[in-house]
Amino acid sequence: MNTLDPIYRQRFSEKYLQLFHDAWRHSRFSPVEGLRWLRIYARQKKMARRREAAEADGLMIPPVMIFSATNHCNLQCKGCYAGQRMKEGAEELTLERVEQLFGEASELGTGVIMIAGGEPLMRPEILWAASNYHDILFPVFTNGILLNQGSISYFRQTPNLIPVLSLEGNRTYTDQRRGEGIHVRVMEAMDQLKRTRHLFGLSLTLTRENFEELTQPEWLWHHYKLGCKLFFFVEYVPQAEHDLHLCLTEDQKGELQGRLNVLREELPALFVNLPGDESRYGGCLAAGRGFVHISADGRLEACPFAPYSDVSIRDLPLKEALTSRFLNRIRRSHHLLTEARGGCALWENRTWVEAQLKASYSS
């Protein structure tokens, strides 16, 4: 491990907790939302102490876990990184093992589990399991098509679950990637969420084509007024070389952090950039330095965009799986993984990643 890593880890931890403090600050004049975020902030600080205790014993615990709850989806979006896995047909984790996983993550100090897919609302029992772990915040990334009065009511009753709807920008961009009429249906879902006064977010995949629109204060103000209080900006990661033309340009990447800083000053909302300014944290945050990914069939992976693994939580407790030789090899080289044409340095350096995987099996 790089000797400077503790400094970067501390820097990331402070920024991570600042996000929850900002959420409380934005909502403190609302009795309901203010109290909600104050409780979340207190729980996140408690989880940070659990991570520190584990790391004192030599175990690196990711503050954030991405769990792909299912490989199944009701849409066939262009360029979806999970699309290939839908074709593989691997057996998904049982509900019992998922419940155990959430409990293990809570004990270790993972504070946020992003539930992704496929489409997670196709396995609603996963959300029922998540609702029992109040120390963890569960953003649920959904295409919004399966949201109805019943599921929205359930989200409202479980404040540690936050629906995050996916958009590509305006109607043209969204329908081109997700299918005809999808933009209208997502907007209808947003309207239902606003009328119930439930907190929700938007996940916005930034490409070279939609960058200007999605980073404009006017566009974001419009959606803030529609009820969205949380914006995830996800830099596009190509799934093949012929998709590289959709990646952000170097100029756009250079402008992004500056635009986000302005937005944070102008809008009383939360903005999360994925992967974010990793150079500030010494390189790639995957493999447990900041986050880790668990596939629907239980493979523990450095990143959802680099689906390589040498361990499975189907066979091992999470604590033991996190000691993976493969993940440790990537963590030791994080400072080398800082540049990428797309949004993922591991995807960009996948030949090197594959070599590390082979080495982890032979060592």
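Reading guide: rules and limits
Residues numbered from 1 in each chain as written. Predicted model: local features only at pLDDT ≥ 70, side-chain atom pairs only at ≥ 80, totals over all residues. Heavy atoms only, no water. Helix = DSSP H or I, 4+ residues; strand = E, 2+ residues; numbered from the N terminus. Rg over C-alpha atoms; globule rule 2.2 N^0.38 Å. Contact = heavy atoms within 4.5 Å. Areas by Shrake-Rupley, 256 points an atom, 1.4 Å probe, with all protein chains shown as cover. Lys, Arg positive; Asp, Glu negative; His and termini not counted. Charge placed at Lys NZ, Arg CZ, Asp CG, Glu CD. pLDDT = per-residue confidence, 0-100. Salt bridge = Lys/Arg side-chain N within 4 Å of Asp/Glu carboxyl O. Buried < 20%, exposed > 50% of the residue type's maximum accessible area, 1.4 Å probe, protein only. Arc of directions from axis to C-beta. Disulfide = S-S within 2.5 Å.

Undergrad: Can you walk me through the overall build of the chain in this structure?
TA: Scanning the chain from N- to C-terminus turns up 15 helices and nine strands. Rg of the C-alpha trace for the chain: 19 Å, near the compact-globule value of 21 Å for 363 residues, within the 12% margin. Its C-alpha atoms give the chain principal-axis dimensions of roughly 55 × 45 × 40 Å. Counted over contacts in the chain with a minimum sequence separation of 6, partners at least 24 positions apart contribute 73%. Here the chain displays about 16,100 Å² of accessible surface, and carbon together with sulfur accounts for 51% of that area. Treating the 44 positive side-chain charges of the chain as one cloud and the 44 negative ones as another, the clouds have centres 4 Å apart.

Undergrad: Would you mind showing me how to read the environment of W352 here?
TA: The residue W352 is located in helix α15 (residues 350-362) in this model. It is 36 Å that separates the C-alpha atoms of W352 and I162, two residues lying 190 residues apart in sequence. Excluding residues within four positions of it along the chain, W352 makes contact with R329, I330, S333 and L337.

Undergrad: Hey, could you run me through the confidence of the model for the chain in this one?
TA: Close reading of the predicted structure is inappropriate where its pLDDT is low. On average, residues of the chain score 90 in pLDDT, and 95% of them are at 70 or above. Looking across the chain, the model is least confident in helix α3 (residues 83-88), with a mean pLDDT of 57, and most confident in strand β2 (residues 112-116), with 98.

Undergrad: It is not clear to me how the pattern of salt bridges should be interpreted in this structure. Could you clarify?
TA: Oppositely charged side chains are able to pair whenever their charged atoms sit close together. Counted under the stated rule, the structure contains 16 salt bridges. Where R123 meets E125, a salt bridge forms, and the shortest distance between an N and an O atom there is 3.1 Å. Residue R123 is classed as buried on the basis of its relative accessible area of 10%. Ionic pairing is found between R177 and E168, a salt bridge with its closest N-O pair at 3.0 Å. Judged by relative accessible area, which is 19%, R177 ranks as buried. Of the residues examined, E168 reaches a relative accessible area of 3% and is grouped as buried. The structure contains a network of salt bridges with shared partners spanning K46, R50 and D135.

Undergrad: Can you help me understand helix α10 (residues 217-225) in this one?
TA: An α-helical segment advances 3.6 residues per turn. Residues three or four places apart therefore align on the same side. Listing the buried residues of α10 in full gives W219, L220, H223 and Y224. In a view along the axis of α10, the buried residues occupy a sector of 135°, so they form one face of it. More than 90 degrees from the buried face of α10, the exposed residues found are E218 and K225. Where α10 ends, the next residue or the one after it, G227, has phi of about 115°, a positive value.

Undergrad: For this particular structure, what's the right way to read the state of the cysteines?
TA: In a disulfide, the sulfur atoms of two cysteines are covalently bonded to one another. For the coordinates displayed, the defined rule picks out zero disulfides. Of the cysteine sulfurs around C73, a residue in no disulfide, the closest is that of C77, at 5.9 Å. The closest cysteine sulfur to the non-disulfide-bonded C344 is located on C303, 3.7 Å from its own sulfur. A relative accessible area of 6% means that C344 is categorised as buried.

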